[in-house]
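Inside the fold
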Amino acid sequence: MRCHRTSARSKALFMKSNIEWQKWGERDPLYAVSTWQGKERGSQNAWTDKEFYQLGGIDWADFQTHWQHYGLNFGTCVEIGCGAGRITKQLGQCFQHVTGLDVSQHQLDYAREHVPKPNVAFTLSDGTRLPIADRACDAVFSVHVFQHFESHDGAFAVFRDIHRVLKPGGTLMIHLPLYDLPDTKISILFPPVIAFAKRLSDLKAAMDRHFLRIGKWKPVMRRLRFDRQHLLHKLESMGYSRIEFRMFPVQSNHSYHEFVFATKS
């Protein structure tokens, strides 16, 4: 396995967002993954294990249909941000081997207890890179994770590392919120507004994380959106091909999910 160094700047980007997900995993591992109203731990209708993993089966049926339509090899799969194993359990029924990665040890412990499959492994990640050997997997999947990263640069760093661990011809299916800038003369005004809103969000997140560090619970969930055209150009420059964007509703709650599909050339 090739030694893969991570810059201090990249590590800082990721470690900032790790703190809230480690706390979420400790406090409410199921609701942290599926934040449905009224399903928090301690509430009257809190998630049960049975409901939680059944939800994973329903959602995976939708995800799998689109991934297979795009093109998929059911060999070795890596899931980024597996949480308590809601989708990992389903992946283990389809792929020969699955590695679920997460930054929360509490989430991984919960997943190991509830997804005891011999072909599924759960591994702690530092959030800066994938602890997977070069060209070791056929597929990479992630849902409800990239939208919570600290920055676009951090997300692009992960896309580069996904390219490293994929075999040639391997594919990715990554969920992330997308937007398109309007094709008008005033479109030049939008990037500064978006950047300003991002700075305000960063400031609020920094304050909330301060409270987390001193032991006061402040729920933090970032909402990072991606410019579709910018993401397309970035992925092309990394060596991905057959890049597709799809948006479709899931059966579980009828909400629309946006995904990017790509192949390592």
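The structure under discussion appears in the preceding block.
Quick notes on the rules
Here, residues in each chain are numbered from 1, in the same order as that chain's written sequence. Only residues with pLDDT of 70 or above have their local features reported here, since the model is predicted, and side-chain atom pairs are shown and tallied only from 80 upward, although totals for entire chains, interfaces and linings are computed over all residues. Only hydrogens and water are set aside; all other atoms, that is, all heavy atoms of the structure, feed into the side-chain values. Starting at the N terminus, helices and strands are each numbered in turn, a helix being any DSSP run of H or I of at least four residues and a strand any DSSP run of E of at least two. Only C-alpha atoms enter the radius of gyration; for comparison, a globular chain is expected to reach 2.2 Å times N to the power 0.38, where N is the number of residues. Partly exposed residues are those whose accessible area sits between 20% and 50% of the maximum for their type, while under 20% is buried and over 50% is exposed, using a 1.4 Å probe and protein chains only. What sets the accessible areas is the Shrake-Rupley method with a 1.4 Å probe; for residues, cover comes only from the shown protein chains. Counted as positive: Lys and Arg. Counted as negative: Asp and Glu. His and the chain ends are not counted at all. By convention, the point assigned to a charge is CZ for Arg, NZ for Lys, CD for Glu and CG for Asp. Two rings from Phe, Tyr or Trp (for Trp, the six-membered ring) form a pair when their centres are within 6.5 Å of each other. A pair whose planes differ by under 30 degrees is stacked, one over 60 is edge-to-face, and the rest are tilted. Strands were regarded as paired on the criterion that DSSP finds at least two bridges between them. What the arc describes is the spread of directions from the helix axis to the C-beta atoms. Two residues qualify as a contact provided that any one of their heavy atoms is within 4.5 Å of a heavy atom in the partner residue. Helix axes use the C-alpha atoms of the stretch in contact, all axes being lines fitted to C-alpha atoms, and the angles between their N-to-C directions lie in the range 0 to 180 degrees. Salt bridge criterion: a side-chain nitrogen from Lys or Arg within 4 Å of a carboxyl oxygen from Asp or Glu. With the far helix as reference, a near helix turned anticlockwise by less than a right angle produces a left-handed crossing, and one turned clockwise produces a right-handed crossing. Gly is placed with the polar residues, together with every amino acid not listed as nonpolar (Ala, Val, Leu, Ile, Met, Phe, Trp, Tyr, Cys and Pro) or charged (Asp, Glu, Lys and Arg).

**Details of the overall build of the protein**
Across its full length, the protein carries eight helices and nine strands. A compact globule built from 265 residues should have a C-alpha radius of gyration of about 18 Å, and the protein, at 18 Å, falls within 12% of that. Overall size of the protein, expressed as C-alpha extent along the three principal axes, is 55 × 45 × 40 Å. The 265 residues of the protein split such that 49% are buried. For the protein, the accessible surface area stands at approximately 13100 Å², while carbon and sulfur atoms represent 54% of it. Each charge class in the protein was averaged separately, 35 positive and 26 negative side chains, and the resulting centres sit 4 Å apart.

**Describing the packing of aromatic side chains**
Throughout the structure, instances matching the rule amount to 19 aromatic pairs. Measuring from centroid to centroid gives 6.1 Å for W67 and F95, while their planes differ by 50°, and the two rings are tilted. Of this pair, W67 sits in helix α3 (residues 49-70) while F95 sits in the loop between α4 (88-94) and β2 (97-102); the two residues are 28 residues apart in sequence, bridging distant segments of the chain. The class for W67 is buried, based on a relative accessible area of 0%. On the basis of relative accessibility, which here comes to 3%, the residue F95 falls in the buried class.

**A closer look at the pairing of strand β1 (residues 76-80)**
Across the five residues that make up β1, a large majority, four, are buried. Taken together, the five bridges between β1 and β2 define a ladder with parallel strand orientation. Bridge pairing links E79 to G100 in β2. As paired elements, β1 and strand β4 (residues 137-142) share three bridges and run parallel to each other. Opposite V78, over in β4, you have V140 as the bridge partner.

**A look at helix α8 (residues 228-238)**
Every buried residue of α8 is listed here: L231, L232, L235 and M238. For α8, the buried positions fall inside an angular range of 130° around the axis, keeping them on one side. On its buried face, α8 sits against α6 (152-165), β6 (178-179), β7 (226-227), β8 (240-249) and β9 (256-264). Within two residues after α8, G239 carries a phi angle of roughly 110°, on the positive side.

**Considering the sheet that holds β8**
Pairing in this open sheet of seven strands is mixed, and the strands run β3-β2-β1-β4-β5-β9-β8 from one edge to the other. Each edge of the sheet is formed by a strand with only one pairing partner; in this case those strands are β3 (120-124) and β8. Taking each pair of neighbouring strands and ignoring which way they run, the sheet shows an average axis angle of 15°. Helix-sheet contacts for α6 involve β1, β4, β5 (166-175), β8 and β9, and the interaxial angle to β5 is about 145°.

**A short note on the pattern of salt bridges**
Summed over all chains, the structure comprises eight salt bridges. Between R164 and D161 there is a salt bridge, and its shortest N-O distance comes to 2.6 Å. Taken together, the residues R164 and D161, both in helix α6 and three residues apart, mark about one turn of the helix. When its relative accessible area of 5% is taken as the criterion, D161 is described as buried. For E244, the salt bridge identified is with R246, shortest N-O distance 3.1 Å.

**Things to note about the packing of α6 against α8**
Orientation of α6 relative to α8, taken along the N-to-C sense of each, is 35°, at an axis distance of 10 Å. Two packed elements cross with a definite hand, and for α6 against α8 that hand is right-handed. Here α6 contributes F156, F159, R160 and H163 to the contact with α8, which in turn contributes H230, L231, K234, L235 and M238. Taken together, the residues that form the contact of α6 with α8 break down as five nonpolar, two polar and two charged.

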